[in-house]
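# Structure assessment
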Amino acid sequence: MKKWIALTAVIAALCGAGYYLLGAEINKGASSTADGTNDYLIILGAQVRHTGEPSLSLQARLETATAYLHDYPHVKVIVSGGQGRDEPATEASVMADYLIEKGIAAERILLEEASTSTYENLLFSKELLPADIATITIASNDYHLQRAKFLAEVVGLEADVLAAGTPTSVEAKSRMRERLALLKTYVFGK
């Protein structure tokens, strides 16, 4: 009986340490480092509501990216995200419409509409970049950026980041899920 209690205590301690360490890793990438140096911004997709409107997380990404694109008019943007079964349109098309409505010229926007994961967002967006471009800026919610930067390196890109806030109503769930996604990414590489 004492062995089971000791084993349970060790497992709980390891889980707690892992939870803490993954949270610390997420926080390392949670601040903006983008300064307009890179000519391309990739906005990573997120859920589109059944009404065709961006989810709160996607809305935060778009608001942050819009301000950045107005500050740096030379930057082109790739909106990246396919269409889930419960989405009425591709995430990319919803993002493009939003940016155009906010005054970003359509000529600055490229759509990547096939991806279904962060890895695919970056891999498929890379195909839209000119051959001589290897450095980019990634826009996403703060909790997501450490993994996104890691995956950019996996596909052969160097990235700085543009951090959007995470809506309070989804923060706990998003950070918990991101811990698992980050662990999977570090173990399997994508």
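In the block above lies the structure referred to throughout.
Keep in mind that what you see is a predicted model, and the values were worked out from it rather than measured. (Residues numbered from 1 in each chain as written. Predicted model: local features only at pLDDT ≥ 70, side-chain atom pairs only at ≥ 80, totals over all residues. Heavy atoms only, no water.)

## A look at the packing of aromatic side chains
Put simply, the rule is: Stacked, edge-to-face and tilted are the three classes for Phe, Tyr and Trp ring pairs, Trp counted by its six-membered ring, which pair at centre distances within 6.5 Å; planes under 30 degrees apart are stacked, over 60 edge-to-face, the rest tilted. In this scheme, a residue with accessible area under 20% of its type's maximum is buried, one over 50% is exposed, and one in between is partly exposed, where area comes from a 1.4 Å probe on protein chains only.
Scanning the model with the defined rule gives two aromatic pairs in all. Considering the side-chain rings of Tyr68 and Tyr72, the 4.8 Å spacing of their centres and the 50° angle between planes classify their relative orientation as tilted. Judged by its relative accessible area of 5%, Tyr68 is buried. Its relative accessible area of 26% is what places Tyr72 among the partly exposed residues. Ring plane angle 65° and centroid distance 5.0 Å describe the contact between Phe150 and Tyr186, whose orientation is recorded as edge-to-face.

## Regarding the environment of Phe150
Basically, it comes down to this: In DSSP terms, a helix is any run of H or I states spanning at least four residues, a strand is any run of E spanning at least two, and both are numbered starting from the N terminus. The contact criterion used throughout is that any non-hydrogen atoms of two residues lie within 4.5 Å.
Relative to the helices and strands, Phe150 is located in helix H5 (residues 145-154). Owing to a relative accessible area of 27%, Phe150 belongs among the partly exposed residues under this scheme. Look past the residues within four positions of Phe150 in its chain and what remains in contact with it is Thr185, Tyr186 and Gly189.

## As for the packing of helix H2 (residues 56-71) against helix H3 (residues 91-101)
Note the cut-off: Only C-alpha atoms enter the line fits that serve as axes; for helices the fit covers just the stretch in contact. Angles between N-to-C directions range over 0 to 180 degrees. Should an angle lie under 35 degrees it is considered roughly parallel, over 145 roughly antiparallel, and from 65 to 115 roughly perpendicular; all remaining angles are considered oblique. Handedness of a helix crossing follows the sense of rotation of the near helix relative to the far helix, less than a right angle counterclockwise being left-handed and clockwise being right-handed. Under the grouping applied here, Gly and all other residues not named as nonpolar or charged are polar, the nonpolar ones being Ala, Val, Leu, Ile, Met, Phe, Trp, Tyr, Cys and Pro and the charged ones Asp, Glu, Lys and Arg.
Two elements in contact, H2 and H3, have axes whose closest approach is 10 Å; the angle formed by their N-to-C orientations is 45°. Of the possible angle classes, the one that applies to H2 and H3 is oblique. For the crossing formed where H2 meets H3, the hand is right-handed. In this structure, H2 contributes Leu58, Gln59, Leu62, Glu63, Thr66 and Leu69 to the contact, and H3 contributes Met95, Tyr98 and Leu99. Taken together, the residues of the contact of H2 with H3 break down into six nonpolar, two polar and one charged.

## Describing the pattern of salt bridges
To keep things clear, this is the line we draw: When a carboxyl oxygen of Asp or Glu lies within 4 Å of a side-chain nitrogen of Lys or Arg, that pair is called a salt bridge.
By the definition in use, this model includes four salt bridges. Between Glu178 and Arg147 there is a salt bridge whose closest N-O contact spans 2.8 Å. One end of the pair, Glu178, is in helix H6 (residues 168-188); the other, Arg147, is in helix H5, with 31 residues separating them in the sequence. Of the two residues, Glu178 and Arg147, both sit in the buried class. Of the charged contacts, one joins Glu171 and Arg175 as a salt bridge, the two residues approaching to 3.1 Å between their closest N and O atoms. Within this pair, Glu171 and its partner Arg175 are both found in helix H6, separated by four residues, close to a single helical turn. Taken together, the shared-partner salt bridges in this structure form one network comprising Asp142, Glu171 and Arg175.

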